[in-house]
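Architecture at a glance
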Amino acid sequence: FGSACASTSAWAADAGPSASCGRIGFEPQTDDVAVNIRARGTSCRRARSIVRAVYNGNREPFGYRCRSRLHDEGVLSFRHWVCTKNLARVTWDKY
């Protein structure tokens, strides 16, 4: 009665405080961009380095394990990325 359930899956919202680390445009004048970059338990500098490394094909940068899920709903599809290392977590959306 009156209690709410929360998902604890890897795709759920961050449980602790996280920093907003902006966006990275990979190719000028295109939609080739990583947005909503967030870091928890690490710096934005490290988070942005992880995003660049994954973009360049490294799925385990700096000891992080990275995985993604495709969201293809409507006109603009994107991949939601999650990279974890111990309690640290970096997330972003890649268009």
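Residues numbered from 1 in each chain as written. Predicted model: local features only at pLDDT ≥ 70, side-chain atom pairs only at ≥ 80, totals over all residues. Heavy atoms only, no water.

1. Brief notes about unusual backbone geometry
With phi around 55°, Asn 36 is a residue other than glycine that occupies positive phi space. Counting through the fold element by element, Asn 36 comes out in strand β3 (residues 33-40). One non-glycine residue with positive phi stands out, namely Phe 62, at about 55°. Following the sequence through the fold, Phe 62 ends up in the loop between α1 (44-55) and β4 (65-71). (Helix = DSSP H or I, 4+ residues; strand = E, 2+ residues; numbered from the N terminus.)

2. Focus on the environment of Leu 87
Inspection of the secondary structure puts Leu 87 in the loop between β5 (78-85) and β6 (88-94). Taking the C-alpha atoms as reference points, Leu 87 and Thr 42, 45 residues apart in sequence, are found 9.3 Å from one another.

3. Quick look at the pattern of salt bridges
Counted under the stated rule, the structure contains one salt bridge. Between Asp 32 and Lys 94 there is a salt bridge, with its nearest N and O atoms 2.5 Å apart. Of this pair, Asp 32 sits in the loop between β2 (24-25) and β3 while Lys 94 sits in strand β6, and the two are 62 residues apart along the sequence. We note that Asp 32, like Lys 94, is buried. (Salt bridge = Lys/Arg side-chain N within 4 Å of Asp/Glu carboxyl O. Buried < 20%, exposed > 50% of the residue type's maximum accessible area, 1.4 Å probe, protein only.)

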